[in-house]
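An overview of the molecular structure
For reference, the chains in residue letters:
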Amino acid sequence: ITGVVTDESGSGIPGVNVVIKGTTTGVATDAEGKFSIEARSSSTLTFSFTGFVTREIVVGNQTQLNVTLVTNVT
């Protein structure tokens, strides 16, 4: 699975942790917010970064996954 993690303005976020939920398998996004990870269709990916709300997305039959993280106001 490949994709890009962006903020609300559409800018790529470098250093976002992309982890397969329930495992220690994960990657971090590059300078442009891009990532690539091998995951099963039944897997859930967790996207987390300081200052943003953590998101969980089920892979399903997707091969491209573009994710927008929302700023955490609290």
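All values reported here derive from a predicted model rather than from experimental measurement. (Residues numbered from 1 in each chain as written. Predicted model: local features only at pLDDT ≥ 70, side-chain atom pairs only at ≥ 80, totals over all residues. Heavy atoms only, no water.)

1. A closer look at the pairing of strand β5 (residues 44-48)
Burial analysis of β5 places four of its five residues in the buried class, which makes it a mostly covered element. The pairing of β5 with strand β6 (residues 55-58) spans four bridges and is antiparallel. Counted as the bridge partner of Thr 46 is Glu 56 from β6. Once β5 ends, the chain turns through six residues before running back antiparallel as β6, passing Gly 51 with a positive phi of about 90°. (Buried < 20%, exposed > 50% of the residue type's maximum accessible area, 1.4 Å probe, protein only. Helix = DSSP H or I, 4+ residues; strand = E, 2+ residues; numbered from the N terminus. Pairing = 2+ DSSP bridges.)

2. Concerning the packing of aromatic side chains
What the rule picks out here adds up to two aromatic pairs. Look at Phe 35 and Phe 47: their rings are 5.6 Å apart centre to centre, the planes differ by 70°, and that puts the pair in the edge-to-face class. Residue Phe 35 is located in strand β4 (residues 34-36), and its partner Phe 47 is located in strand β5; the two are separated by twelve residues in the primary sequence. Assigned by exposure class, Phe 35 and Phe 47 land together as buried. Taking the centre distance of 6.0 Å and the plane angle of 40° together, the rings of Phe 49 and Phe 52 count as tilted. Residue class for Phe 49 comes out partly exposed when judged on its relative accessible area of 30%. Owing to a relative accessible area of 17%, Phe 52 belongs among the buried residues under this scheme. (Phe/Tyr/Trp six-rings, centres within 6.5 Å; stacked < 30°, edge-to-face > 60°.)

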